[in-house]
Amino acid sequence: MYAVQLCFRELPKKHFLLSPLIDKTESPLFLRCIQRFLCFRFRFSQLSSSCSAVLSSSVLLCRWVIKACYLTLRMANQLPMRDIMPHMKNWSCIVTVQEKQQITNSMGTPTRKQKFIFYDSEGSRVEGIIFNDDIPRMSQILQIYKKYKISNAGVRPIPPKFQTSELTIQWVISTRTVIEEIATDDEVMPVKFCYSKFTDLVQYMDDKTKSVDVLGVVISALERKTVIKNSRPSDVQKFVLLNEESQPVLLSLWDSFLANEGQEIVSKLHTYPVIVARRVKVNNYNGVALGTWFDSAILVDPPIQEARELKNWALRNTKFIKEIVEKKDYIKYSPQLSLKSGQKTTLICNINSSQKTIWVKAHFSFEHIFKKYWYMSCRNCCRATAADYQVEFTCNSCKEKHPAVPRCRFDVDLANSTGVIPASVFGELAENLLTFSALEAMQHFNENIELPLEFVHKELKSKMFLLHIKPVQTQLADSRQRYTVIYYSEIDDDADSVQLTDEPRDDSPFPSKESETVQLRAEEV
């Protein structure tokens, strides 16, 4: 009997299955307790017989049998993820952390939560969640891509309106949940994602009901900034993604994403880190861009086959990538992503101001519109200012100190056979259309000399353009909706399909150019 007691004392004292046995090792009724416990739990009558034989055997045999019982108890309730049902008790499962999301607040309540996605060896997936005060204690235990044995988490169904990623079951992790890290030699996660091509992103633009998953290698990072978002300061940093399509796309990481995944990306930037951006939104910044929101997840260098293949592609094409970074074309408007093959255009008479962006074919006309052609602006954010030319000032919008510079801007009429709408043109797009720089326009204005635009107006009357425009919130005094031109290119007037002009004619004053401004705003002045 004493040998049995010694053996049980060597076993884990806090194990939820063995605690009823260990507590009775000092009792004369120890054997009977073991028998009843094993029979009640597992109906293993042969185990109780084995334990009876232990008492009349040697110490070595006693230790062997009891450890065998312990292993049997430990493994009996280990289940695959698919067999763990809501409200089930006394279970355990081997899982790997696929995603670890940011800590967020529930709408309209003080509840804080952090979500995870776990998967098992069969490829089944489940959502994990930690609430409130349990977050600082339990979140640090669960690390991305690590394997764990989780026991006795609360299991519940996810209400349909809160389901994401086709997950229907949720495990509630609390401080009472048993979590043990498991050493593993697995090199590649057996997880498959459905990635959107960069050229397909335009169909999801500004759709609040849809998000996308993308795979890309980070080739550069823009400056981190603090901006006002929803009346509150927010930190944002843009990262440049590239894939085998060789078309860069900007991804904006906001707030908590910068403090976590953003720092990791910046530290690995010289090694071309590959990321999987999950459930990110598509917006129309400079054509097409991506941004995180509360439900997004950023996986940095995930151990998946596609990521390794993309990193190898990047390492084989370092010269090409460096050229892209040096040119910085990704800060310009990119029609290659926003312009579809055989792009459909909208007749001016059918334009609806509720549309986020619109493609139209139209003529430019500004011959009879009174204008100044320029305004003084912040060199950094392009907002209007009353500062004098080249005088350094602290901008009230971007909060940075820069010299004031003139920026080209004027109003135009966009017209075709179906109607006319007013629009504004900014920056380099305006200079190309005007054939004068903002500085030249300012100098003519200060000297009270009109710009010589007779030839420009004459040329515009015979030219048709493909334009990408967006509505602005402010309306004209006559209640007409105003628009901003974010891209234009000269096309054939009778073209059946819309295509970009590869090279402008030498004698044309209207080259096809993209705007170099970081952001185009009609409300700047």
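For clarity, every value in this text was computed on a predicted model and none was experimentally measured. (Residues numbered from 1 in each chain as written. Predicted model: local features only at pLDDT ≥ 70, side-chain atom pairs only at ≥ 80, totals over all residues. Heavy atoms only, no water.)

On to the overall build of the protein chain. Across its full length, the protein chain holds 13 helices and 21 strands. Sorting the 525 residues of the protein chain into buried and exposed places 46% on the buried side. Counting only carbon and sulfur atoms, one obtains 50% of the accessible surface of the protein chain, whose full area is about 27,600 Å². (Helix = DSSP H or I, 4+ residues; strand = E, 2+ residues; numbered from the N terminus. Buried < 20%, exposed > 50% of the residue type's maximum accessible area, 1.4 Å probe, protein only. Areas by Shrake-Rupley, 256 points an atom, 1.4 Å probe, with all protein chains shown as cover.)

So, about helix α7 (residues 256–267). The end-to-end C-alpha separation of α7 is 16 Å, in line with the 16 Å expected for 12 residues at 1.5 Å each. Those residues of α7 that sit buried are F257, L258, E261, G262 and I265. For α7, the angular spread of buried residues about the axis comes to 125 degrees, placing them on one side. Among the structural elements, β1 (92–105), β8 (212–221), β10 (232–242), β11 (249–254), β12 (274–283) and β14 (297–300) are those in contact with the buried residues of α7. (Expected span 1.5 Å × (residues − 1). Arc of directions from axis to C-beta. Contact = heavy atoms within 4.5 Å.)

Right, let's talk about a negative patch on the surface for a bit. Among the surface-exposed residues, D200, E244, E245 and E309 lie close enough to one another that they form a single negatively charged patch. Examined against the element boundaries, E245 turns out to sit in the loop between β10 and β11. (Patch = residues over 30% accessible without salt bridge, like charges linked within 9 Å, V, L, I, M, F, W, Y side chains within 5 Å. Salt bridge = Lys/Arg side-chain N within 4 Å of Asp/Glu carboxyl O. Lys, Arg positive; Asp, Glu negative; His and termini not counted. Charge placed at Lys NZ, Arg CZ, Asp CG, Glu CD.)

Moving on to the pairing of strand β2 (residues 112–119). Most of β2 is tucked away, with 7 of its 8 residues classed as buried. Of the pairings in the sheet, the one linking β1 to β2 comprises 7 bridges and is antiparallel in character. Across the sheet, residue K100 finds its bridge partner in β2, namely F116. If you look at the hairpin formed by β1 and β2, you'll find 6 residues sitting between the two strands, and G108 has a positive phi there, around 75 degrees. One ladder, built from 7 bridges, connects β2 with strand β3 (residues 125–131); its direction is antiparallel. Within β3, the residue paired with Q114 across the bridge is I130. Hairpin connection of β2 to β3: 5 residues between the antiparallel strands, including G123 at a positive phi of 90 degrees. (Pairing = 2+ DSSP bridges.)

Here β10 lies mainly inside the structure; 8 of its 11 residues are buried. Two strands pair when backbone bridges link them, and β8 and β10 are joined in this way by 4 bridges, in the antiparallel orientation. Bridge pairing links A221 to F239 in β10. Sheet topology note: the strand β9 (residues 225–229)/β10 ladder contains 5 bridges and is antiparallel. Paired with T226 across the bridge in β10 is D235. Following β9, the chain reverses through 2 residues before pairing antiparallel with β10; N230 in that reversal takes a positive phi of roughly 55 degrees. Pairing geometry for β10 and β11, over 6 bridges, is antiparallel. In the strand pairing of β11, V236 is matched with W254. Where β10 folds back onto β11 in an antiparallel hairpin, the turn is made up of 6 residues, including S246, whose phi is positive at roughly 60 degrees.

One finds F364, F366, L414, L467 and I469 to be the most contacted residues of the largest nonpolar core, which totals 42 residues. Ignoring anything within four residues of it in the chain, the contact list for I469 reads I351, T357, I358, V360, L414, I421, Y483, T484, V485 and I486. (Core = buried A, V, L, I, M, F, W, Y, C linked by side-chain atoms within 4.5 Å.)

The next thing to look at is the confidence of the model for the protein chain. Confidence along the protein chain averages 80 in pLDDT terms, with 77% of residues attaining 70 or more. Mean pLDDT across the secondary structure elements of the protein chain bottoms out at helix α2 (residues 19–22), with 43, and peaks at β8, with 96. This stretch, residues 1–62, has a pLDDT under 50; its non-local contacts, to residues over four places away or in other chains, come to 77 contacts. In this model residues 496–525 is a low-confidence stretch, pLDDT under 50, and it forms 91 contacts with partners more than four residues away in sequence or in other chains. (pLDDT = per-residue confidence, 0-100.)

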